Amino acid sequence: MSSLTTPSLSPAARLRGLKPDWLADAKVWRTEVLAGLVVALALIPEAISFSVIAGVDPALGLFASFTMAVTIAVVGGRRAMISAATGAVALVIAPLNREHGLGHLVAAVILAGLFQVVLGALGVAKLMRFIPRSVMVGFVNSLAVLIFMAQVPEMRDVPWAVYPLIAGGLALMVLFPRITTVVPAPLVSIVILTAITVGAAIAVPTVGDKGALPSSLPAPGLPDVPFTLDTLTTIAPYAFAMALVGLMESLMTAKLVDDITDTPSNKTRESVGQGIANIVTGFFGGMGGCAMIGQTMINVKVSGARTRLSTFLAGAFLMVLCVAFGPIVSDIPMAALVAVMVMVSFATFDWHSVAPGTLRRMPAGEIAVMVITVVCVVATHNLAIGVVVGSVTAMVVFARRVARFADVTSVTGPDGATVVHRVTGELFFASSNDLVGRFDYANDPDHVVIDLSAAHIWDASSVAALDAIGAKYARRGKTVEITGLNDPSARLHGRLTGELAAEH
């Protein structure tokens, strides 16, 4: 008798199998390295801008972007996603810095990281399944709008030369990939526009105008606050808000990258990883952060990155560019980065979702959810608020839609002594509230049968409604028999009937 055996692999073969993609494939390695460089260049002005929003020194935003990206590359659950200092986090913690100072802000960042680790371990990522597609589409479209709107100030009250530079950058990014895709088009655009402005001495706003770049690496340390209960109660609300906003934005971005790359990710690991990254960032004096949708789109959609290497290098290159090549980076015209972000906004927007054919086929409720999500995000500049409002709206729309399917049909027996009311549909708070008014209590015969074989009881509101119906018939001396309950409905009805208010 013969047996099948699995051939043993040599140590060298096993080692080759453990190699990450970027180490085993030179093409992948090149793509990841160049993508990381492009993202690092795009991170610099963004991090400085978010530092201004938070009211801290620009170096703290750059330090946060460095530590967040490098840490999340190791501990995160979504490959190729970029985490750094973000506007959403800056808006949350700005009041704390303004009222209590930098020490409290840094302490809040560390506490927010701890909250995220706990929430991640408790399974908060599982809540993502309750976010409907219409909210996801609204999320994507609204962030595309926000990315574009963030570039508008860079195009106001600027020298006339900025406009042809932006147009030239956009043209390069559209046309260059037709020649070759070996080098990312955004990197080519940045290099060429920088060379033109420096070589021709064109006076336009540059990265250096945004703020001074750091000249040394960040050093670890404890926040400069008294470790008392008063400090904890002061920072806890801000830390918890930052944790929720950061997790929601990160998990939504991770889901978007899943769809773009057609690969899964570990959302629980990503949640915990975001917490660890914020803890590390806090101990290095950074302002904290979360996933960055714009830079992630540059990395994944524009540059084609797919591994953790690009995320790690985005952070590493950021510090190298600031510390070692600060004067050169300072000369990069803002027009070049504006062109890159405008291209990202157009690539991010789901144009199919607003096509006339799509809008004609889509249910009106889902279109309303998408629009409400976009309006809320654009109005508040907070993706988390838009997602929450959009999800709640979607639930209301769903409840109204399902409630309409509940119906009652009545058949009176040949002898006129019995009537059968057949209830169909889903019985829950939105549909059962109208159920009580669907019966003719005065004129029905003495024996009433309520057939629920085509219905399902979902909540206590439905049981209370059935009790109320029985009570109304009982006051008129009539008996009610409930039949056809499926097993889950029967268990719920048996547990709650008679225990709830029967009067409506």
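Parameters and conventions
- Residues numbered from 1 in each chain as written.
- Predicted model: local features only at pLDDT ≥ 70, side-chain atom pairs only at ≥ 80, totals over all residues.
- Heavy atoms only, no water.
- Helix = DSSP H or I, 4+ residues; strand = E, 2+ residues; numbered from the N terminus.
- Expected span 1.5 Å × (residues − 1).
- Buried < 20%, exposed > 50% of the residue type's maximum accessible area, 1.4 Å probe, protein only.
- pLDDT = per-residue confidence, 0-100.
- Contact = heavy atoms within 4.5 Å.
- Salt bridge = Lys/Arg side-chain N within 4 Å of Asp/Glu carboxyl O.
- Patch = residues over 30% accessible without salt bridge, like charges linked within 9 Å, V, L, I, M, F, W, Y side chains within 5 Å.
- Areas by Shrake-Rupley, 256 points an atom, 1.4 Å probe, with all protein chains shown as cover.
- Core = buried A, V, L, I, M, F, W, Y, C linked by side-chain atoms within 4.5 Å.
- Pairing = 2+ DSSP bridges.
- Axes fitted to C-alpha atoms, helices over the stretch in contact; angles between N-to-C directions.
- Parallel < 35°, antiparallel > 145°, perpendicular 65-115°, else oblique.
- Left-handed = near helix turned anticlockwise from the far one by under 90°.
- Nonpolar A, V, L, I, M, F, W, Y, C, P; charged D, E, K, R; others polar.
- Polar contact = N/O pair within 3.5 Å; in protein donor to acceptor, adjacent residues only side chain to side chain.

Caption draft 1: Main features of helix H7 (residues 133-151). The end-to-end C-alpha distance of H7, which contains 19 residues, comes to 28 Å, matching closely the 27 Å that a straight helix rising 1.5 Å per residue would cover. A large share of H7 lies buried, amounting to 14 of its 19 residues.

Caption draft 2: Representation of the confidence of the model for the chain. Model confidence for the chain is summarised by a mean pLDDT of 88, while 94% of its residues fall at 70 or above. In the model, residues 1-7 has pLDDT below 50 throughout and makes zero contacts with residues more than four positions away in sequence or in other chains.

Caption draft 3: How the structure looks around the pattern of salt bridges. Counted according to the given criterion, the structure contains five salt bridges. A salt bridge links Lys210 to Glu154, with the nearest nitrogen and oxygen atoms 2.4 Å apart. You can see Lys210 sitting in the loop between helix H9 (185-199) and helix H10 (229-261) and its partner Glu154 sitting in the loop between H7 and helix H8 (162-179), a full 56 residues away along the chain. Here Lys210 falls in the partly exposed class, since its relative accessible area comes to 27%. The class for Glu154 is buried, based on a relative accessible area of 17%. What you see here is one network of salt bridges that share partners, running through Arg78, Asp258 and Lys267.

Caption draft 4: Here's a closer look at a nonpolar patch on the surface. Together, Phe148, Phe346, Trp351, Val354 and Leu359 give the surface a local cluster of nonpolar side chains, amounting to about 450 Å² of exposed area. Secondary-structure assignment places Phe346 in helix H15 (residues 334-348). Relative accessible area serves as the criterion here: at 43%, Phe346 is assigned to the partly exposed category.

Caption draft 5: Region of the structure containing the environment of Gly120. On the secondary structure map, Gly120 appears in helix H6 (residues 102-121). Of the residues examined, Gly120 reaches a relative accessible area of 0% and is grouped as buried.

Caption draft 6: Local environment of the environment of Gly289. Examined against the element boundaries, Gly289 turns out to sit in the loop between helix H11 (267-283) and strand S2 (290-291). Taking relative accessible area as the criterion, Gly289 reaches 1% and is therefore assigned buried. Setting aside anything within four residues of it in sequence, one finds Gly289 in contact with Met68, Ala84, Ala85, Thr86, Val89, Met242, Gln274 and Asn278.

Caption draft 7: Region of the structure containing the nonpolar core. Ranked by size, the top nonpolar core spans 102 residues in total, and within it Ile44, Leu62, Met287, Ile298 and Leu318 carry the most contacts. Per element, the largest residue contribution to this core is 12 residues, and it comes from helix H3 (residues 26-54).

Caption draft 8: Examining the pairing of strand S4 (residues 418-427) more closely. As paired elements, strand S3 (residues 407-412) and S4 share six bridges and run antiparallel to each other. Looking across to S4, one finds that Thr412 is bridged to Val419. As consecutive antiparallel partners, S3 and S4 are separated by five residues, and within that stretch Gly416 has a phi angle of approximately 75°, a positive value. With nine bridges joining them, S4 and strand S5 (residues 447-457) adopt parallel strand pairing. When the bridges of S5 are listed, Thr418 appears paired with His447.

Caption draft 9: Representation of the environment of Leu43. On the secondary structure map, Leu43 appears in helix H3. Overall, the relative accessible area of 0% leaves Leu43 in the buried class. With 367 residues separating them in the primary sequence, Leu43 and Ser410 have C-alpha atoms 67 Å apart. When near neighbours in sequence (up to four residues on either side) are disregarded, Leu43 contacts Ala84, Met292, Gln295, Ala314 and Leu318.

Caption draft 10: Expanded view of the sheet that holds S3. The strand order across the open sheet built from four strands is S3-S4-S5-S6, with neighbouring strands paired in mixed fashion. The sheet is open, and its two borders are formed by S3 and strand S6 (479-483), each paired with just one other strand. Strand-to-strand twist in this sheet, taken as the mean axis angle between neighbours without regard to direction, amounts to 20°. This element, helix H21 (residues 487-496), spans S5 and S6 of the sheet and lies at about 120° to S5.

Caption draft 11: Here's a closer look at the packing of H3 against helix H13 (residues 308-323). Relative orientation of the contacting elements H3 and H13 amounts to 50°, with a least axis distance of 7 Å. The orientation of H3 with respect to H13, classified from their angle, is oblique. For the pair H3 and H13, the crossing hand works out as right-handed. Residues Trp29, Glu32, Val33, Ala35, Gly36, Leu37, Val39, Ala40, Leu41, Leu43 and Ile44 of H3 lie in contact with H13, whose contacting residues are Leu309, Ser310, Leu313, Ala314, Phe317, Leu318, Leu321 and Cys322. For the contact of H3 with H13, the class distribution of residues is 16 nonpolar, two polar and one charged.

Caption draft 12: Main features of the side chain of Thr71. Considering the arrangement of structural elements, one finds Thr71 in helix H4 (residues 58-75). Thr71 sits in the buried class, given a relative accessible area of 12%. Polar contacts involving the side chain of Thr71 include one to the main-chain carbonyl oxygen of Thr67, which spans 2.7 Å. If near-sequence neighbours (up to four positions away) are discounted, Thr71 is found in contact with Ile276, Ala277 and Val280.

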